[in-house]
Amino acid sequence: MSTSPFIITISRQLGSGGAYIGQQLAVKLNILYADREIIQQAAKKLAVQEEMLERRDEKLSSFWKSFLRSYAFGNPDVYVPQKNNMPTSRELFEAETEAVTRIARECSAVIIGRSGSYVLRDHPNHVSLFIHGDLPSRKSRVQETQQVSEEAAAKMIDQSDKERALYHRTFTGREWADARRYHLAIDTGRMDLDKSVEVILKYVECRQATPGGAP
């Protein structure tokens, strides 16, 4: 078995319970849950406030959205001015990639989002997860956690799915929701969150027991 730190990366749809699953995995495996720490490291590198990065997390800036729209309509030379002192989406992606890579090098961890499955695709001791679910179950969770109406929850989910897919495609060249890109995909619309944690732990155990099947 590899002596490298053990890493679980989680890509998740809004309302799928991915953050809860990640937190529970970290507790049960006694490893770091890396979410806020990634923002802290990226904010320090970019010399900006953490709150600003939280609002931008896994989303393209208006600059990149405008650029991609202009490119799609056959005018890639259009220049859209960037606000002063604001890191570009590329700078944010690179800063978070550096933070993810550093964490994976230094300690075992559960890493949430930030295209971690792609960034650590060559890590020798890595399990990548995609947590998803049907729309009704996701809306129900968002309504409960965010205290919003069903209509508002549906709009939040639709916007989040589009933004995460575009962000991932822009910087990795891959489709975010393509289950073939992950080691294991879990549908939390058909399995409750705690049972999902059990299944993932069993998968990790089986991988460890398989010769050559790191972790």
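Residues numbered from 1 in each chain as written. Predicted model: local features only at pLDDT ≥ 70, side-chain atom pairs only at ≥ 80, totals over all residues. Heavy atoms only, no water.

**Description of the overall build of the chain**
For clarity, the threshold we go by: A helix here means a DSSP run of H or I that spans at least four residues, while a strand means a run of E at least two residues long, and both kinds are numbered starting from the N terminus. Each residue gets one of three labels from its accessible area relative to the maximum for its type: buried under 20%, exposed over 50%, partly exposed in between, using a 1.4 Å probe on protein chains only. Note on contacts: a residue pair is in contact if any heavy atoms of the two residues lie within 4.5 Å.
Counting its regular elements, the chain contains 9 helices and 5 strands. Along the chain, helices (α) and strands (β) appear in the sequence β-α-β-α-α-α-α-β-α-β-α-α-β-α when read from the amino end. Buried residues in the chain amount to 46% of all 215 residues. Taking as baseline every contact in the chain between residues at least 6 positions apart, the subset at least 24 positions apart corresponds to 72%.

**So, the packing of aromatic side chains**
Here is the rule we go by: Classification of ring pairs rests on two measures: the distance between centres of Phe, Tyr or Trp rings, Trp counted by its six-membered ring, which must be within 6.5 Å, and the angle between planes, read as stacked under 30 degrees, edge-to-face over 60 and tilted in between. Over a ring means this: the NZ of a Lys or the CZ of an Arg is within 6 Å of the ring centre and within 35 degrees of the ring normal.
If you walk through the whole model with that rule in mind, you get 5 aromatic pairs. Taken together, a centroid distance of 5.7 Å and an interplanar angle of 90° make the contact between Phe130 and Trp176 edge-to-face. Taken together, the residues Phe130 in strand E4 (residues 126-132) and Trp176 in the loop between helix H8 (150-172) and strand E5 (184-187) connect sequence positions 46 residues apart. Across this residue pair, the class does not change: Phe130 and Trp176 are buried. Connected via pairs of aromatic rings, a cluster forms that spans Phe93, Tyr167 and Phe171. A cation sits over an aromatic face here: Arg121 above Tyr118, 3.9 Å from the ring centre.

**Notes on unusual backbone geometry**
Phi at Asn30 is positive, roughly 55°, even though this residue is not glycine. Note that Asn30 resides in the loop between helix H1 (18-29) and strand E2 (32-34). In this structure Asn30 comes out as exposed when scored by relative accessible area, which is 70%. A positive phi is found at Ser115, a non-glycine position, where the angle reads about 55°. Within the secondary structure, Ser115 sits in the loop between strand E3 (109-112) and helix H6 (116-119). Taking relative accessible area as the criterion, Ser115 reaches 5% and is therefore assigned buried.

**Some points on the sheet that holds E4**
Strand pairs in the sheet, formed through backbone hydrogen bonds, run parallel or antiparallel to each other. So the rule is basically this: Strands are labelled as partners when DSSP assigns at least two bridges between them. Under this scheme, a helix contributes an axis fitted over its contacting stretch, all axes are lines through C-alpha atoms, and angles between N-to-C directions fall in the 0 to 180 degree range.
Here 5 strands make up an open sheet; going across it, the order is E2-E3-E1-E4-E5 and the pairing parallel. Looking at the sheet topology across the chains shown, the edges are occupied by E2 and E5. Each adjacent strand pair in this sheet contributes to an overall mean axis angle of 20°, direction not counted.

**Some details on the pattern of salt bridges**
Quick note on the threshold: A carboxyl oxygen of Asp or Glu within 4 Å of a side-chain nitrogen of Lys or Arg is what we treat as a salt bridge.
Under the defined criterion, the tally for this structure stands at 13 salt bridges. Across the pair Arg138 and Asp161 runs a salt bridge, and its minimum N-O distance is 2.8 Å. Here Asp161 lies in helix H8 and Arg138 lies in helix H7 (residues 135-146), a separation of 23 residues in the sequence. Across the pair, exposure class does not vary: Arg138 and Asp161 are buried alike. Three or more residues joined by partner-sharing salt bridges are found here, namely Asp35, Glu96 and Arg114.

The analysis is restricted to geometry; functional conclusions fall outside its scope.
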